[in-house]
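A structural walkthrough
Below, each chain spelled out in residue letters.
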Number of protein chains: 2
Amino acid sequence: MELLEKKIQKDGIVKAGNVLKVDHFLNHQMDIALFNEMGKEFKRLFADRPVNKILTIEASGIGIACIAAQYFQVPVVFAKKAQSINIDGEVYSTKIESFTHKRVYDVIVSRKYLGPEDHILIIDDFLANGCAVNGLLELIESAGASVEGIGIVIEKGQQMGGKLLREKGYHVESLAIIEHMDEKTGEICFRH
Amino acid sequence: MELLEKKIQKDGIVKAGNVLKVDHFLNHQMDIALFNEMGKEFKRLFADRPVNKILTIEASGIGIACIAAQYFQVPVVFAKKAQSINIDGEVYSTKIESFTHKRVYDVIVSRKYLGPEDHILIIDDFLANGCAVNGLLELIESAGASVEGIGIVIEKGQQMGGKLLREKGYHVESLAIIEHMDEKTGEICFRH
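On a predicted model such as this, the values are computed, not experimentally measured, just so you know. (Residues numbered from 1 in each chain as written. Chains lettered and ligands numbered in written order. Predicted model: local features only at pLDDT ≥ 70, side-chain atom pairs only at ≥ 80, totals over all residues.)

Right, let's talk about the overall build of chain A for a bit. Looking only at helices and strands, chain A has five helices and eleven strands in total. What you see for chain A is a C-alpha radius of gyration of 16 Å, in line with the 16 Å of a compact globule of 192 residues. Considering only C-alpha atoms, chain A reaches an extent of 50 × 35 × 35 Å along its principal axes. In chain A, which comprises 192 residues, the share counted as buried stands at 48%. Within chain A, contacts between residues separated by at least 24 positions form 60% of all contacts whose residues are at least 6 apart in sequence. (Helix = DSSP H or I, 4+ residues; strand = E, 2+ residues; numbered from the N terminus. Rg over C-alpha atoms; globule rule 2.2 N^0.38 Å. Buried ≥ 20, exposed ≤ 12 C-beta atoms within 10 Å, placed from the backbone. Contact = placed C-beta atoms within 7 Å.)

This part covers the relation of the copies chain A and chain B. Under the fitted operation, chain A is carried onto chain B by 0.0 Å of movement along the axis and a turn of 180 degrees, and the coordinates agree to an RMSD of 0.0 Å. Considering both components of the superposition, the chain copies are consistent with a two-fold axis. A share of 100% of the interface residues of chain A reappears at the interface of chain B, consistent with the copies meeting face to face through the same patch. (Least-squares fit on C-alpha atoms with pLDDT ≥ 70 in both.)

For any two helices packed against each other, the geometry comes down to the angle between their axes and how far apart the axes lie. At a closest axis distance of 8 Å, the pairing of helix H3 (residues 62–72) of chain A and helix H3 (residues 62–72) of chain B adopts a crossing angle of 50 degrees. Here H3(A) lies oblique to H3(B), going by the angle between them. Crossing handedness for the pair H3(A) and H3(B): right-handed. Each of Ile62(A), Gly63(A), Cys66(A) and Ile67(A) in H3(A) lies in contact with H3(B), whose residues at this interface are Ile62(B), Gly63(B), Cys66(B) and Ile67(B). Counted by class, the contact of H3(A) with H3(B) contains six nonpolar, two polar and no charged residues. (Axes fitted to C-alpha atoms, helices over the stretch in contact; angles between N-to-C directions. Parallel < 35°, antiparallel > 145°, perpendicular 65-115°, else oblique. Left-handed = near helix turned anticlockwise from the far one by under 90°. Nonpolar A, V, L, I, M, F, W, Y, C, P; charged D, E, K, R; others polar.)

The parts lose accessible area when they come together, and the size of an interface is often stated as this lost area. Of the residues lining the interface, 30 residues belong to chain A; the matching set on chain B comes to 30 residues. Elements that contribute at least two residues to the side of chain A that touches chain B include exactly strand S2 (19–21), strand S3 (29–30), helix H2 (32–45), H3 and strand S5 (76–81) of chain A. Looking at the side of chain A that touches chain B, the element that brings in the most residues is H3(A), giving six residues. Grouping the constituent residues of the side of chain A that touches chain B by class yields 16 nonpolar, nine polar and five charged. Alignment of S3(A) against strand S5 (residues 76–81) of chain B, held across two bridges, turns out to be antiparallel. Among the inter-strand pairings, Met30(A) is bridged to a residue of S5(B), identified as Val76(B). (Pairing = 2+ DSSP bridges.)

Here we come to the nonpolar core. Most often, soluble globular proteins keep nonpolar side chains buried together rather than apart. Within the largest apolar cluster, 123 residues are counted, with the highest numbers of intra-cluster contacts made by Cys66(A) and Cys66(B). Setting aside chain neighbours within four positions, we find Cys66(B) in contact with Met30(A), Ile32(A), Phe35(A), Gly63(A), Cys66(A), Ile67(A) and Val76(B). (Core = buried A, V, L, I, M, F, W, Y, C linked by C-beta atoms within 7 Å.)

All names here are of chain A. Secondary-structure assignment places Ala 68 in helix H3. The class of Ala 68 is buried, set by 28 C-beta atoms lying within 10 Å. Beyond its immediate stretch of four places on either side in the chain, Ala 68 contacts Met 38, Gly 39, Phe 42, Ile 54 and Ile 123.

Let's shift gears to the confidence of the model for chain A. Confidence along chain A averages 94 in pLDDT terms, with 95% of residues attaining 70 or more. Scored by ipTM, the complex comes to 0.95, with pTM at 0.96. (pLDDT = per-residue confidence, 0-100.)

Let us now look at the pairing of strand S4 (residues 53–57) of chain A. All names here are of chain A. Extensive coverage of S4 is indicated by the burial of five of its five residues. Where burial is concerned, the two faces of S4 agree: the one with Lys 53, Leu 55 and Ile 57 and the one with Ile 54 and Thr 56 are both buried. Relative to S5, S4 runs parallel, the two sharing four bridges. Residue pairing across strands places Thr 56 opposite Phe 78, the latter belonging to S5.

What follows is about unusual backbone geometry. Residues Glu58(A) and Ala59(A) are joined by a peptide bond in cis, for which omega reads 0 degrees. Among the secondary structure elements, Ala59(A) is positioned in the loop between S4 and H3. Despite not being glycine, Gln73(A) shows a phi value in the positive range, around 55 degrees. Within the secondary structure, Gln73(A) is located in the loop between H3 and S5. What makes Gln73(A) exposed here is the crowd of 11 C-beta atoms within 10 Å. The backbone of Asn18(B) shows a phi angle near 65 degrees, a positive value even though the residue is not glycine. Position of Asn18(B) among the secondary structure elements: in the loop between strand S1 (13–15) and strand S2 (19–21). Given 14 C-beta atoms within 10 Å, Asn18(B) falls into the partly exposed group.

Turning next to helix H4 (residues 131–143) of chain A. Residues and elements named next belong to chain A. The end-to-end C-alpha separation of H4 is 19 Å, in line with the 18 Å expected for 13 residues at 1.5 Å each. Within H4 the residues assigned to the buried category are Ala 132, Val 133, Gly 135, Leu 136, Leu 137, Leu 139 and Ile 140. One or two steps after H4, the chain reaches Gly 144, where phi turns positive at roughly 70 degrees. (Expected span 1.5 Å × (residues − 1).)

Here's what the structure looks like:
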């Protein structure tokens, strides 16, 4: 998606350790006009899929999932990290290792909001090694729901998450795929 | 807001310990059509304010903040709980005690996204004792930014957060204010 690639070129910052900082517009400050263009693009890419619910994970997936949901006219469910007293005991749970935070989270979804009748589009801001998406896929499988697709804002193409998910047959669409980035020059190259 | 009150009456569940569960439509599963009506209502209530940014806190404030931001045509910044390697060292920080989770969080906002030129509308899903909003107000004060208003989806009127904020002169608008709720009968009464 050209608009997004231009935004990443303009405002993304490459840091040591294969980190791309896009907190200017994606995951700390959020550019809602851009989110709307991304939401429309997700709808175009998954237009033929009978999506009845979008699933994401807190926190930085929630904004784009909500904006995109308007174009699908479906509700959003976000998986929660760690147990809350406001969640019923009746949950699906799994563990997800965060690339960014270098720790393992317990992640839960209430059984009330995910079931065999659901046709799920997963939406998340980043796909790197795929830990978050694989955790969400486990929750969907536990619920007996169907996966209609996986929509990602930025995929780090140097890491294996996207490749492995496509090999398993999932319909993965990433709005921008980073082919290469260089922390010394700040250069960011995209796969097309 | 009548539509919201009806939704709370229909799908809200009163639990022991003064807990109102609205995870059916607000803070786990999110009813995006309802969120759009709430976003329009926030715009109507703060139409005369020169808002240039919406500030919320992860996780459950993010969805309604993003949907509402479309009506104000401004970006959203969400305060983050605990330090992330993806946030620069240059942050404003405070501590917030969560009523729901019975714990204290470090909460941060990057200095890049909050400054003296900003006119902030705070949006959050719940207002009870006011810890989250007071934490956000501290961050705004540290940045030298202006507070244009505080928009809340559900205020628990039995707790003092809203009263104290209004006494301090803040423009607080809650789309629904709970006057009383009864865990035995499930009854929920609103303040008008």
